Amino acid sequence: MDAVDVLILALRLVLVALLYVFVYVVLRMAYVATRPSVPSRLRLRVVEPGATGMRAGEVLELSPGSTLGRGELADVVVADSAVSAEHARVDRLGRRWVVTDLGSTNGTRVNDATIKGRTALRPGDVLSVGTVRLEVVAR
């Protein structure tokens, strides 16, 4: 085996390695392009407005980190006496939306269950703060 044969063998191995890298990149791009995207904003439809000025059927769009509460500092003001000044916060955690109770007096509920810590939200879930009920809407 002479130097030319060794060089040809090395070039063949490099070519095979490049082909594998190319196939991997193409498959990765196809996977990313076909998986469902996470909406950049959470959509909540007002089911029961309680004592607020909201209308049933109205759709609220919340950004990650938005807070719901009765106080002026809340991103979404829910003017209901049963809602704390800063009642709950919605965030995006990876590919999912989550809600966190911020130590509210009356608690935050998802599908009528009082939450502790972060709780995932899915389309069709009903988020309750005070007497206000909001349904998670799919995009």
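Here's what I pulled together on the structure shown here. (Residues numbered from 1 in each chain as written. Predicted model: local features only at pLDDT ≥ 70, side-chain atom pairs only at ≥ 80, totals over all residues. Heavy atoms only, no water.)

Secondary structure assignment for the chain yields one helix and 11 strands. Traced from its N-terminal end to its C-terminal end, the chain shows the element sequence α-β-β-β-β-β-β-β-β-β-β-β. Here the C-alpha radius of gyration of the chain, 25 Å, is well above what a compact globule of 139 residues would show, namely 14 Å. Along the three orthogonal principal directions, the C-alpha set of the chain runs to about 90 × 30 × 25 Å. A total of 139 residues make up the chain; the buried ones form 32% of that total. Taking contacts inside the chain between residues at least 6 apart in sequence as the whole, the part at least 24 apart equals 37%. Considering the chain, the positive charge centre built from 18 side chains and the negative charge centre built from 14 side chains are found 3 Å apart. (Helix = DSSP H or I, 4+ residues; strand = E, 2+ residues; numbered from the N terminus. Rg over C-alpha atoms; globule rule 2.2 N^0.38 Å. Buried < 20%, exposed > 50% of the residue type's maximum accessible area, 1.4 Å probe, protein only. Contact = heavy atoms within 4.5 Å. Lys, Arg positive; Asp, Glu negative; His and termini not counted. Charge placed at Lys NZ, Arg CZ, Asp CG, Glu CD.)

For the rest of this paragraph, the subject is a nonpolar patch on the surface. Side chains of Met 1, Val 6, Leu 9 and Leu 13 sit close together on the surface and give an oily, nonpolar patch of about 460 Å² of accessible area. What makes Leu 9 partly exposed here is its relative accessible area of 44%. (Patch = residues over 30% accessible without salt bridge, like charges linked within 9 Å, V, L, I, M, F, W, Y side chains within 5 Å. Areas by Shrake-Rupley, 256 points an atom, 1.4 Å probe, with all protein chains shown as cover. Salt bridge = Lys/Arg side-chain N within 4 Å of Asp/Glu carboxyl O.)

The next thing to look at is the pattern of salt bridges. Counted by the stated rule, this structure contains six salt bridges. Between Arg 45 and Glu 135 there is a salt bridge, with the nearest N and O atoms lying 2.0 Å from each other. Linking Arg 45 in strand β1 (residues 42-48) with Glu 135 in strand β11 (residues 132-137), this pair joins segments that are 90 residues apart in sequence. As a salt-bridge pair, Asp 91 and Arg 89 come within 3.0 Å of each other at their nearest N and O atoms. A residue is classified by how much of its surface remains accessible, and Asp 91, at 17% relative accessible area, is buried. Salt bridges linked by common partners bring Arg 41, Arg 43 and Glu 61 together as one network.

Here we take up the sheet that holds strand β3 (residues 66-69). Read from one edge of the open sheet, five strands run β4-β3-β5-β6-β9, paired in mixed fashion. Edge positions in the open sheet fall to β4 (76-77) and β9 (118-121), since each of these has one partner strand only. With six bridges connecting them, strand β5 (residues 88-93) and strand β6 (residues 96-101) associate as antiparallel partners. Paired with Val 90 across the bridge in β6 is Val 99. (Pairing = 2+ DSSP bridges.)

Below, the discussion takes up the sheet that holds strand β10 (residues 126-129). Within the open sheet, the six strands sit side by side as β2-β1-β11-β10-β7-β8. Their pairing is antiparallel. Looking at which strands have only one partner, the edges of the open sheet turn out to be β2 (59-62) and β8 (113-114). Two elements, strand β7 (residues 108-110) and β10, share three bridges in a ladder whose sense is antiparallel. Counted as the bridge partner of Val 110 is Leu 127 from β10.

Moving on: the pairing of β5. Pairing of β3 with β5 involves three bridges; the strand directions are antiparallel. Paired with Thr 67 across the strands is Arg 89, a residue of β5. Hairpin connection, β5 to β6: the antiparallel pair is bridged by two residues, and Gly 94 has positive phi, about 70°.

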